[in-house]
Amino acid sequence: MRKLVAFVALTFWGTISLAQDFSNKGKEFWVGYGSHVAMYNTNGTVAAGGGAQDMVLYFTSDRNANVTVEIPSLGWTNTYTVVANAVTTSARLPKTGAQDARITDEGKSGKGIRITSDVPIIAYAHIYNASVSGATLLFPVNTLAREYYSVNYKQVSNQHYSYCFSYVIATEDDTNIEIIPSARTILNNAGDTIKVNLNKGEVYNIMGRLNTTTNPFLGEDLTGTKIRSVATPTSPCKRIAVFSGSGKLSISCNNGSGSADNYMQQAFPANAWGKKYLTVPTSRMPNNFYRIAISKPGTIVKRNGVVLTGLQNGFFYEYQSNTPDLLESNEPIMVAQYITTANSCGNTQIGGNGDPEMIYLSPIEQTIDKVTVNSTPNAGITMHYINIAIHKNGLSSLKVDGAAPVVASTVHPQESN
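Residues numbered from 1 in each chain as written. Predicted model: local features only at pLDDT ≥ 70, side-chain atom pairs only at ≥ 80, totals over all residues. Heavy atoms only, no water.

Visitor: Outline the state of the cysteines, supporting the account with residue identities and numerical values.
Guide: Chemically, a disulfide is nothing more than a covalent bond linking the sulfur atoms of two cysteines. This model, assessed by the stated rule, comprises one disulfide. Residue pairing for C253: its cysteine sulfur links by disulfide to C345, the two sulfurs lying 2.1 Å apart. Taking the sign of the torsion about the S-S bond as the criterion, the disulfide between C253 and C345, at about 125 degrees, is right-handed. Of this pair, C253 sits in the loop between β18 (240-249) and β19 (261-266) while C345 sits in the loop between β25 (325-339) and β26 (357-360), placing them 92 residues apart in sequence. Of the residues examined, C253 reaches a relative accessible area of 45% and is grouped as partly exposed. Counting only cysteine sulfurs, C345 is the nearest neighbor of C164, a cysteine outside any disulfide, at a range of 19 Å. (Disulfide = S-S within 2.5 Å. Helix = DSSP H or I, 4+ residues; strand = E, 2+ residues; numbered from the N terminus. Buried < 20%, exposed > 50% of the residue type's maximum accessible area, 1.4 Å probe, protein only.)

Structure representation (structure tokens):
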């Protein structure tokens, strides 16, 4: 399958809402080399040759920047010069030998990847193999929180050893972590409390237990897993970075295992959750799934004015839509949008092209007025789309590379003013 990638930009004209002091631009980031199905042999052992997948990082800034990427515990370092208003791609992260950065098992490791810059930058991570590809935006350390929830999806794949996963990285020494998995993992049961002490750059990874050995390959969905830093008599709770993903995932309307992709997304800190969202169907694959996560019991969520029902596991609502929607709530929520497997759920406009993906949406409260998009050719990506929700009064001043875009525009039916 050829890979389709969709970037969703949510922007209000003339306003940068930073009331919650949240931005994805910064000078220090942490990320890990999350699980990918290509890391494993057919018998489930870890591929000693590194696997067919690769991981790279992307950097951009409105100023020239000097960037360092290091894996402190493995002794690996690279430096980069980032030219203003352009995108720099890193070298491939190491995946063999003593500097193997891959996170392939459940448990603790020293494989945190640190990115630092002399001026604020925006950073992304991308793990790919041919068309099995997933990327995530990264959040700087100063925006990170101390408590998160993992948001994943039903773990169905067309290939064995496609683990659902979630991992946490400590940004300071002596960080005490508590993890309560929502489902069975390789080493733990749902509802267990995992307690671990991490030093700066150390990682603790959990992986959903695999439930079948034949196609479709089913595993546990870790959505709702709670991960937090906790205080002790000698150490306060500290900022942590949390990521959710899958080594390979199919998303369909019949739980079948058609085309599948890995994905990895950094969990949004609580100050990036919001109470109002505008959704936009993905171009040429408009039938999307949505999961809406809540953190407070009793949170009321409305879709186009209608109260949602059917809360799952006390944590999320799920629905399918091919229309622009307005989501509103009385308490902060987090929204994930999912692109389906090729030719699934009526998404047949581009035939066998296009694969599953998960996108975390930004609320109206976190709007921006400028964004740099990287249309990477890695992983056989041949189609690129941008969905932009913009106030109607700002549409005439919208510019792409300095010129008015040649696009069809419509008024969002739920947000006409």
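Visitor: Lay out the nonpolar core with the relevant residues and their values.
Guide: Core analysis: the largest hydrophobic core is formed by 78 residues, its most contacted members being V31, F59, V69 and I115. For this core, the leading source of residues is strand β8 (residues 113-129), giving seven residues. Apart from the residues lying within four places of it in its own chain, the contact partners of I115 are K27, E28, F29, L57, F59, V67, T68, V69, I121, A123 and L138. In this structure, V301, Y319, I350 and L361 belong to the second largest nonpolar core, which totals 18 residues. (Core = buried A, V, L, I, M, F, W, Y, C linked by side-chain atoms within 4.5 Å. Contact = heavy atoms within 4.5 Å.)

Visitor: Can you lay out the confidence of the model for the protein chain for me, pointing to particular residues and giving the numbers?
Guide: Across the protein chain, pLDDT averages 90, with 91% of residues at or above 70. Every residue in residues 1-21 is under pLDDT 50, and counting partners more than four places away or in other chains gives 87 contacts. (pLDDT = per-residue confidence, 0-100.)

Visitor: So what about the side chain of S344? Which residues, and what values?
Guide: Inspection of the secondary structure assignment puts S344 in the loop between β25 and β26. With near-sequence residues (within four places) excluded, S344 lies in contact with I251 and S252.

Visitor: I'd like a description of the side chain of T223, backed by residues and values.
Guide: Locating T223 in the fold gives a position in the loop between β16 (217-219) and β17 (226-230). For T223, a relative accessible area of 2% gives the class buried. Among the polar contacts listed, one links the side chain of T223 to the side chain of D221, at a separation of 2.8 Å. Excluding anything up to four places from it in sequence, T223 contacts S150, V151, N152, Y153, S182, R291, F315 and F316. (Polar contact = N/O pair within 3.5 Å; in protein donor to acceptor, adjacent residues only side chain to side chain.)

Visitor: Tell me about the sheet that holds β19, and name the residues and values.
Guide: Judged by pairing direction, the sheet is antiparallel, and its five strands sit side by side in the order β7-β15-β12-β18-β19 without closing on themselves. In this open sheet, the two strands that pair with only one neighbour each are β7 (107-109) and β19. Taking each pair of neighbouring strands and ignoring which way they run, the sheet shows an average axis angle of 20 degrees. Sheet topology note: the strand β12 (residues 164-170)/β18 ladder contains seven bridges and is antiparallel. Pairing of S166 across the sheet is with S244, part of β18. (Pairing = 2+ DSSP bridges. Axes fitted to C-alpha atoms, helices over the stretch in contact; angles between N-to-C directions.)

Visitor: Please give an account of the pattern of salt bridges that cites residues and values.
Guide: Enumeration over the complete set of coordinates arrives at 14 salt bridges. Salt-bridge contacts for E178 lead to R228; the nearest nitrogen and oxygen are separated by 2.9 Å. A residue pair is termed long-range when its members are at least 10 positions apart, and E178 in strand β13 (residues 175-180) and R228 in strand β17 qualify at 50 residues. When salt bridges that share partners are traced, they join K154, D221, R291 and E318 into one network. (Salt bridge = Lys/Arg side-chain N within 4 Å of Asp/Glu carboxyl O.)

Visitor: Which residues make up the pairing of strand β4 (residues 65-71), and what values go with them?
Guide: In summary, the side chains of a regular strand alternate between the two faces of the sheet. Counting buried positions along β4 yields five of seven residues, so the element is predominantly enclosed. A loop of four residues connects β4 with strand β5 (residues 76-82), the two strands running antiparallel in sequence, and G75 in this loop sits at a positive phi of about 70 degrees. Bridging between β4 and β8 involves four bridges; their strand directions are antiparallel. Residue pairing for β8: V67 is matched across the bridge by S117.

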